[in-house]
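Take a look at the letters that make up each chain.
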Amino acid sequence: MTVTPAPALTVGFDLDMTLIDSRPGIHACYRALAERTGTFIDADLAVTRLGPPLAEELVNWFPAEEVAAMADLYREMYPSIAIAATPAMTGAREAMEAVRSVGGRTMVVTAKYEPNAKLHLDHLGIAPDVVVGDLWAEQKAAALREYGAAVYVGDHVGDVLGARTAGALSVAVVTGPCGGDELRAAGADVVLDDLSAFPAWLAAYREAPRA
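Residues numbered from 1 in each chain as written. Predicted model: local features only at pLDDT ≥ 70, side-chain atom pairs only at ≥ 80, totals over all residues. Heavy atoms only, no water.

## Some thoughts on the overall build of the chain
We count it as follows: Numbered from the N terminus, helices here are DSSP runs of H or I no shorter than four residues, and strands are runs of E no shorter than two. When accessible area is computed with a 1.4 Å probe and restricted to protein chains, residues below 20% of their type maximum are described as buried, those above 50% as exposed, and intermediate ones as partly exposed. Contact definition: two residues touch when any of their heavy atoms are within 4.5 Å.
For the chain, the count of helices and strands is ten helices and six strands. Taken across its 211 residues, the chain has 50% of its residues classed as buried. Taking as baseline every contact in the chain between residues at least 6 positions apart, the subset at least 24 positions apart corresponds to 60%.

## Regarding the side chain of Lys112
Cut-off, in case you're wondering: Whenever a nitrogen or oxygen atom comes within 3.5 Å of another N or O atom, the pair is scored as a polar contact, on the condition that within protein one atom can donate a hydrogen and the other can accept it, and that pairs from neighbouring residues in sequence are kept only if both atoms are in side chains.
In this fold, Lys112 is placed in the loop between β2 (105-109) and α6 (114-124). At 2.9 Å, the side chain of Lys112 and the side chain of Tyr78 are in polar contact. Excluding its chain neighbours within four sequence positions, the residues that come into contact with Lys112 are Leu15, Asp16, Ile26, Tyr78, Ala117, His120, Gly133 and Asp134.

## Remarks on the packing of aromatic side chains
Note the following rule: Centres within 6.5 Å make a pair out of two Phe, Tyr or Trp rings, where for Trp the six-membered ring is used; the pair is then stacked when the planes are under 30 degrees apart, edge-to-face when over 60, and tilted otherwise.
By the definition in use, this model includes six aromatic pairs. Seen in terms of ring centroids, Tyr30 and Tyr74 are 5.2 Å apart; in terms of plane orientation they differ by 45°. Their pairing is tilted. With a gap of 44 residues between them, Tyr30 in helix α1 (residues 23-37) and Tyr74 in helix α4 (residues 67-82) connect regions that are remote in the sequence. The burial state of Tyr30 is the same as that of Tyr74; both residues are buried. Among the aromatic residues, ring-to-ring pairing joins Phe13, Phe198, Trp201 and Tyr205 into one connected group.

## Let's talk about the pattern of salt bridges
Rule in force here: The salt bridge definition used is simple: a Lys or Arg side-chain nitrogen within 4 Å of an Asp or Glu carboxyl oxygen.
This model, assessed by the stated rule, comprises seven salt bridges. Ionic pairing is found between Lys112 and Asp16, a salt bridge with its closest N-O pair at 3.2 Å. Taken as a pair, Lys112 in the loop between β2 and α6 and Asp16 in the loop between β1 (10-13) and α1 lie far apart in primary sequence, 96 residues in all. Across this residue pair, the class does not change: Lys112 and Asp16 are buried. One salt bridge in this structure joins Lys140 and Asp159, with 2.7 Å as the shortest N-O distance. With Lys140 in helix α7 (residues 140-146) and Asp159 in helix α8 (residues 157-166), this pair connects stretches of sequence that are 19 residues apart. Just as Lys140 is buried, Asp159 falls in that class too. Residues joined by salt bridges that share partners form a network here, namely Asp14, Lys140 and Asp159.

## A short note on the nonpolar core
Using the following cut-off: Residues belong to a common nonpolar core when they are buried Ala, Val, Leu, Ile, Met, Phe, Trp, Tyr or Cys residues joined through side-chain atoms within 4.5 Å.
Membership of the largest hydrophobic core comes to 29 residues, with the highest contact counts inside it found for Phe13, Leu19, Val153, Leu195, Phe198 and Trp201. When contributions to this core are tallied by element, the ones reaching two or more residues are β1, α5 (92-101), α6, β4 (151-154), β5 (169-173), β6 (190-192) and α10 (198-207). For Phe13, the residues in contact, after removing those within four places along its chain, are Leu19, Ala95, Met96, Val99, Thr106, Met107, Val108, Val109, Tyr152, Val153, Leu195 and Phe198. Residues Met17, Leu33, Ile41 and Leu73 belong to the second largest nonpolar core, which totals 26 residues.

## What about α1?
Basically, it comes down to this: To estimate the expected span of a helix, count its residues, drop one, and scale the result by 1.5 Å.
When the terminal C-alpha atoms of α1 are compared, their 21 Å separation across 15 residues agrees well with the 21 Å that a helix rising 1.5 Å per residue should span. Restricting attention to buried positions, one finds in α1 the residues Gly25, Ile26, Cys29, Tyr30, Ala32, Leu33 and Ala34. Positive phi appears at Gly38, one or two residues downstream of α1, with a value of about 70°.

Geometry only, nothing functional implied.
Here it is in structure tokens:
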């Protein structure tokens, strides 16, 4: 009898405030955009609510009819301002390696503009198998389903929604704008303090009967 091997475990990760601390770079980019356009942007406030698409933040500072052009300008400025200023989150590399160590695949699914997401990962030497950008909340489910992700890790209630829509296990970290109670209320299956706890959780998950 031929035994069909089980498919490789695929784990998806969000990017901003999950794998990378994007606050310093985004803060600097908003300040540069404000200087370039002569428009006030409260960069301190903006970086407290990272997660949703860029346009959802820009609409707070620019007329709706200017948002698309301002988003293009921001993305153009971003690589030279934000990439070098952005560090990896605690445990990010170890979390990715934990998946690889069990023969799994890793993917990043993010609302960030995909070319800039790839620049961040390349700069930090973090190399997922797949990177998909420009997806937010339940939109993320399309990519998670396409690549068969069983687990999706993120810091925002939008990430929880994406995981649940895809039928993936939602693992949340409290390193972004959403607290543990908010993430649990949104439906997170697991809440961790940060990614440094992920390898031990993954080992226990794989040993559990449901794995």
